[in-house]
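# Results of the structural survey
Residue-level listing of the chains:
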Amino acid sequence: MTVLEVSHISKAFGSKRVLSDINLTFEDNKIYGLLGRNGAGKSTLLSIMTNRNFADSGQIKIDSEDVSDNDSKLGLMYLMSEVNLYANGWKLTQIIKDSESLYGGFDHELANRLIKEFGLDVNQKFGKLSTGYNSIFKLILALCLPVKFVLLDEPVLGLDANHRELFYSELIQSYADNPRTFIVSTHLIEEVANIISDVIVLDQGRVILNQPVEDVLAKTHSVVGPQKDVDQYTKGLNVIGHDTMGNIRADYVYGDLDDRVLPDTIQLSNFDLQKLFIFLTNQYEGSAQHEDQQGH
Amino acid sequence: MKTNKVTKFLFRKQIIGLAEMYVFLFVAFLVLPFIFSLISGSLSDYSLAEQMRGTWVTAAFGVYMFAISTLSYENFKFLIQNGISRQTFFNSQIVVNGLLILIGNTFNVAYQYLVLMPLVHARNTNIFMSSYAGYFHNSIVAFLFNFIFSGLLLVVGALAGMVIGNFLTLFSKFIQRIILIVTPIVGYITLMYAASRVILHHDFEMTWVANFAKFVLGYRSTGSYDPFPMIVAMVVVSAIMLLIVRYLFSKKQLKRE
Amino acid sequence: MKFEFNSSEPIYRQVAEQIEDAIASGGFEEGGQIPSTTEISKEFHINPATVLKGMNIVVSKNLIEKRRGLGMFVQEGARKRILAEKRNGFFDEFVVNLVREAQNLDISEDELLELVKRGYQK
């Protein structure tokens, strides 16, 4: 059992607070979705987790050991991100070789299959890759290096629809063959909604949601019916958004419905992660605090 | 810790760079002049000995050490991507620099004794030979101290390069440029100011500086200088710079570009 | 097999339902093998644990069984049992809604029965 722990991480750039007291625990063999709007602090958090940048305060620990200046712990993570840390003049084959030697392993069989499927030419120099193949190359490294935690920051950036499809399938295959922890940061929520097992939502540098997807979805309720009845029914519930069409109103509730009586005129169903995300990170700032209280 | 792996990685990259530099210099200083002489029909003026006499051969290595030391950000990026800590990077880079200096210094000293002295009949092939060698009466001892002395000079040069280079990499490219422009200007003004104080105001407070310099250089009014104060000074300066470099390495992080 | 997912029900339950539907319709034959967890996961981009949870529901109903090292197979008699179960649920799931909708449209009991008959003749 290997646990990656983010403990009281805060970070500011100048006077701008990017992360405020982030606490998270990543467990074995789960696929986490790290969601947030642009500028929510996702990339900064991942970059601090892998010790690329320093936090102002707080610690990153793997199995209770601080990862900074700790090769054996840092070597358990690989962060694939938009930032290019490979020099433009290096050949892909050389980068693979050096990465293999530094991480102490590489799944060549998988790599060869992926290289073929994606049609990547590994005899090129890194700087010559198009945006799409740049992502693909880094994804191949992420899937083939022997790490416990695969951190993917916007993994499908620049990939066309076919390659995206292929990537998600290969991610699942790789996860099934060799279970380990994935942390996928993305703004394409629909594409990963069913793949992730746990969802973390960052908003303005704070964690506003951190739960298994299944539990989260069980707490989403769309309440549809005549305006008057819906208002009556959702009184006191955590309404995070609504739609109105003529006299028909839909209230979107996040949280448990108590055993209040459901009128005949009202239809209840769940709604999806994408909708929940939009409501939580949009105008309804108050709901974030509500969720915090529920979490404890 | 993965010091061995990282050392191998850095050594391979940097020894290849060194070899490339020597090839380049060989072409630039020996082959090209030869071709030019050939083309211009003045081949009789071309002298291999004259070309090899130049100090470039021994100076080149010092420049290379300085240069690679200022270019550590690229390696840092690759290593942090591959889960290598700053401490390991520092340890490995120091080992690699030590190895390179050993190799380069051996090459330089061999070049002095095997090429410059017998072929070109040069005596004062470096600072040590011109100022300190006469201090020793035994030529083998002189040879040993020449090796140590030139090695230490390279160590100081490499570490100075590391201090400057790693200091600069803490900043964004924009700030780096500002520092590179402002520092010489400030330095020049300071120097002018100091000089004007000494010359115009006859402030002889500067004499202690001169005396200290004389002491460190091992200056003696007659005969060869004493090499030991200089050796000790280089060791002390190196140790201080090593600590500074270690601190600078520990502060490395990814820049937002 | 063709899965269609909606957002109003947990995915694992939908996985279980889709497998049962496929068995009921004969898409998965009795005694035959069904796709593995990984295959379903890959095809529909669903977390393998979610798929497994759905499959386990079907396993616990003795409709499919795991054969070690081989995969999942449809049990004999599974189709009959699924149909029986669906019949039991038919009233709650369809008839109640049908009658409610008919009442909303002011369709009388006799008229509704007439419509049902017409539906059978078609």
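Under the annotation held in an unreviewed UniProt entry, chain C carries the name HTH-type transcriptional repressor YtrA and is attributed to Lentilactobacillus sunkii.

Counting secondary structure elements, chain B contains 10 helices and 0 strands. Along the chain direction, N to C, the helices and strands of chain B fall in the order α-α-α-α-α-α-α-α-α-α. Out of the 257 residues in chain B, the part that is buried amounts to 40%. Sequence-distant contacts, at least 24 apart, represent 76% of the contacts inside chain B between residues at least 6 apart.

The subject of this paragraph is the UniProt feature "domain: HTH gntR-type" (unreviewed entry) in chain C. Residues annotated in UniProt with the feature "domain: HTH gntR-type" (unreviewed entry) correspond here to residues 9-77 of chain C. Here residues 9-77 of chain C runs as 51% helix and 14% strand, with 28 Å between its end C-alpha atoms.

With that settled, the discussion passes to the side chain of A:Ser7. Here A:Ser7 shows up in strand 1 (residues 4-13). Apart from residues no more than four positions distant in its own chain, A:Ser7 is found in contact with A:Ile22, A:Asn23, A:Gly58, A:Gln59 and A:Lys61.

To continue, consider the domain arrangement of chain C. All names here are of chain C. According to the domain assignment, chain C consists of domain 1 (11-76) and domain 2 (79-121). Here the C-alpha centroids of domain 1 and domain 2 sit 29 Å apart. Taken together, the contacts link 11 residues of domain 1 with 7 residues of domain 2. Taken together, both faces of the contact between domain 1 and domain 2 bury some 720 Å²; the carbon and sulfur share is 48%. Where domain 1 touches domain 2, the interface holds 2 salt bridges. Note that aspartate 21 is salt-bridged to lysine 86, the shortest N-O span being 2.8 Å. On inspection of domain 1 and its partner domain 2, the count reaches 6 residue pairs in polar contact (both at pLDDT 80 or more). Of the residues assigned to the side of domain 1 that touches domain 2, the class counts are 3 nonpolar, 3 polar and 5 charged.

The partner chain A presents 17 residues to the 13 residues of chain C that form the contact. One salt bridge in this structure joins C:Lys53 and A:Glu214, with 2.4 Å as the shortest N-O distance. Linking chain C with chain A are 7 residue pairs in polar contact (both at pLDDT 80 or more), by the criterion used here. The leading source of residues in the side of chain C that touches chain A is helix 2 (residues 37-44) of chain C, at 3 residues. Its residues assigned to classes, the side of chain C that touches chain A comprises 4 nonpolar, 6 polar and 3 charged.

Here the focus is the interface of chain A and chain B. The partner chain B presents 26 residues to the 28 residues of chain A that form the contact. Here chain A and chain B share an interface that buries about 2500 Å² over both sides, 54% of which is from carbon and sulfur atoms. When the buried area of chain A at its contact with chain B is split by residue, A:Asp71, A:Leu85 and A:Leu102 rank highest and sum to 30% of it. If you look at where chain A meets chain B, you find 1 salt bridge. Those elements giving two or more residues to the side of chain A that touches chain B turn out to be strand 1, helix 2 (71-74), strand 6 (77-80) and helix 3 (92-103) of chain A. Take the side of chain A that touches chain B: its biggest share by element is 7 residues, from helix 3 of chain A. In terms of residue class, the side of chain A that touches chain B is built from 13 nonpolar, 10 polar and 5 charged.

On the surface, A:Lys91, A:Lys97, A:Lys125 and A:Lys128 cluster together into a positively charged patch. Here A:Lys97 lies in helix 3.

Our focus in this paragraph is empty space enclosed by the protein. Under the counting rule described, the total for this entry stands at 2 cavities of 30 Å³ or more. Estimates place the volume of the largest cavity at around 50 Å³. Around the largest cavity, the lining residues are A:Thr50, A:Arg52, A:Leu74, A:Met77, A:Tyr78, A:Leu79, A:Tyr103, B:Ile80, B:Gln81 and B:Gly83. Of all elements in the fold, only strand 6 of chain A together with helix 4 (72-81) of chain B reach the threshold of two or more residues within the lining of the largest cavity. Top element by residues in the lining of the largest cavity is strand 6 of chain A. It accounts for 3 residues. A per-class count over the lining of the largest cavity returns 6 nonpolar, 3 polar and 1 charged. Roughly 40 Å³ of internal volume is contained in the second largest cavity.

The subject of this paragraph is the sheet that holds strand 4 (residues 57-62) of chain A. Here we have 4 strands laid out as an open sheet, ordered 2-1-4-5 (chain A), and antiparallel in their pairing. Each of the sheet's edge strands pairs with one partner strand only, and the pair in question is strand 2 (16-26) and strand 5 (65-66) of chain A.

For any two helices packed against each other, the geometry comes down to the angle between their axes and how far apart the axes lie. Residue and element names in this part refer to chain B. Taken N-terminus to C-terminus, the directions of helix 1 (residues 3-40) and helix 4 make an angle of 145 degrees; their axes are 12 Å apart at the nearest point. Where helix 1 crosses over helix 4, the handedness of that crossing is right-handed. Contact with helix 1, carried on its side by Val6, Phe9, Leu10, Lys13 and Gln14, involves Glu74, Asn75, Phe78 and Leu79 of helix 4 and no other residues of that element. Its residues assigned to classes, the contact of helix 1 with helix 4 shows 5 nonpolar, 2 polar and 2 charged.

Cut-offs applied
- Residues numbered from 1 in each chain as written.
- Chains lettered and ligands numbered in written order.
- Predicted model: local features only at pLDDT ≥ 70, side-chain atom pairs only at ≥ 80, totals over all residues.
- Heavy atoms only, no water.
- Helix = DSSP H or I, 4+ residues; strand = E, 2+ residues; numbered from the N terminus.
- Buried < 20%, exposed > 50% of the residue type's maximum accessible area, 1.4 Å probe, protein only.
- Contact = heavy atoms within 4.5 Å.
- UniProt positions renumbered as here; feature names shortened; annotations may be inferred.
- Domains from an automatic or database assignment.
- Buried area = accessible area lost by both parts, 1.4 Å probe.
- Salt bridge = Lys/Arg side-chain N within 4 Å of Asp/Glu carboxyl O.
- Polar contact = N/O pair within 3.5 Å; in protein donor to acceptor, adjacent residues only side chain to side chain.
- Nonpolar A, V, L, I, M, F, W, Y, C, P; charged D, E, K, R; others polar.
- Patch = residues over 30% accessible without salt bridge, like charges linked within 9 Å, V, L, I, M, F, W, Y side chains within 5 Å.
- Areas by Shrake-Rupley, 256 points an atom, 1.4 Å probe, with all protein chains shown as cover.
- Lys, Arg positive; Asp, Glu negative; His and termini not counted.
- Charge placed at Lys NZ, Arg CZ, Asp CG, Glu CD.
- 1 Å grid on protein atoms, 1.4 Å probe; cavity = no way out; pocket = protein on both sides within 12 Å on 5 of 7 lines; lining within 4 Å.
- Points joined across faces, edges and corners; volume = space filled by probe spheres on them.
- Pairing = 2+ DSSP bridges.
- Axes fitted to C-alpha atoms, helices over the stretch in contact; angles between N-to-C directions.
- Left-handed = near helix turned anticlockwise from the far one by under 90°.

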